[in-house]
Amino acid sequence: MATENGLKKAPNILLTGTPGVGKTTLGKELAERTGLAFINISDLAKEGQLYEGYDEEYDCPVLDEDRVIDELEDRMSGGGMIVDYHGCDFFPERWFQIVFVLRTDNTLLYERLEGRGYEGKKLQDNVQCEIFQTLYEEALESYKHDIVYQLPSNTPEDLERNVDQIAQWTQQWIKDNN
Ligand code: DAT
């Protein structure tokens with residue numbers, strides 16, 4: 001199947017949603033299945049120190065969005081990228097052919113984030129972010145509604161189904177666009 005090597009045009013896919021919903025898990029499996037490249041924006045920022053300060057309240061560095069975009073522009077315009085981030089409003093709209101917002105039930109998400117060591121305000125705020133469907137609304141405000149899809153991400157069966165469906169969509173997109 002198509003990859004970044006330029007032989008075939010492939011779509012860029014955005015996986016977004018509250019931290020802990022399963023973006024990285026899905027993105028890595030999807031990359032294996034499709035041959036597309038996977039990019040975790042948090043890892044990219046860490047490697048390149050693409051930060052513009054520190055958020056004391058949330059105890060995390062603040063992403064330098066402009067530098068992230070500069071860093072990725074060439075690869076994104078080549079297509080075939082799966083991008084994973086818990087935000088979506090600062091990417092150029094033209095980058096993505098489809099946007100998936102992963103959704104997880106509150107109690108499951110709470111347990112996952114607790115397992116990751118989140119506590120106190122950070123834990124509460126992230127669960128609330130999911131309850132208020134903050135990322136779904138951000139996606140609808142940032143991209144055309146007909147390319148934004150919500151996917152349940154509660155169980156291993158959900159993961160399997162999501163990989164299958166997105167891989168199928170990707171294959172079809174490649175057929176239609178080459
Ligand atoms: P994110 O990248 O959105 O922060 P993750 O991929 O790191 O999330 O997953 C968080 C945790 O949840 C991790 O322990 C794996 C687990 N997980 C992910 N998707 C799942 C699913 N569909 N069913 C059960 N557990 C899942």
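Residues numbered from 1 in each chain as written. Predicted model: local features only at pLDDT ≥ 70, side-chain atom pairs only at ≥ 80, totals over all residues. Heavy atoms only, no water.

A.B. asks: Hey, could you run me through the overall build of the protein chain in this one?
C.D. replies: In terms of regular secondary structure, the protein chain is built from 7 helices and 7 strands. Beginning at the N terminus, the succession of helices and strands in the protein chain can be written as β-α-β-α-β-β-α-β-β-α-α-α-β-α. Taken along the three principal axes of its C-alpha coordinates, the protein chain extends 50 × 35 × 30 Å. For the protein chain, the proportion of its 178 residues judged to be buried stands at 47%. In the protein chain, the proportion of contacts linking residues at least 24 apart, taken out of those at least 6 apart, comes to 73%. Separation between the mean location of the 17 positive side-chain charges and that of the 35 negative ones in the protein chain comes to 6 Å. (Helix = DSSP H or I, 4+ residues; strand = E, 2+ residues; numbered from the N terminus. Buried < 20%, exposed > 50% of the residue type's maximum accessible area, 1.4 Å probe, protein only. Contact = heavy atoms within 4.5 Å. Lys, Arg positive; Asp, Glu negative; His and termini not counted. Charge placed at Lys NZ, Arg CZ, Asp CG, Glu CD.)

A.B. asks: What exactly am I supposed to notice about the site of the ligand here?
C.D. replies: In the vicinity of the ligand, 15 residues are found, and the nearest of them are Gly20, Lys23, Thr24, Thr25 and Arg116. The side chain of lysine 23 places a nitrogen or oxygen atom 2.8 Å from an oxygen atom of the ligand. Coverage of the ligand by the protein chains reaches 72% of its 550 Å² of free accessible surface. Every element with two or more residues in the shell around the ligand is listed here: helix H1 (23-34) and helix H7 (156-176). Here the element with the most residues in the shell around the ligand is H1; it accounts for 3 residues. Of the residues that constitute the shell around the ligand, the class distribution is 4 nonpolar, 8 polar and 3 charged. (Near = heavy atom within 4 Å. Polar contact = N/O pair within 3.5 Å; in protein donor to acceptor, adjacent residues only side chain to side chain. Areas by Shrake-Rupley, 256 points an atom, 1.4 Å probe, with all protein chains shown as cover. Nonpolar A, V, L, I, M, F, W, Y, C, P; charged D, E, K, R; others polar.)

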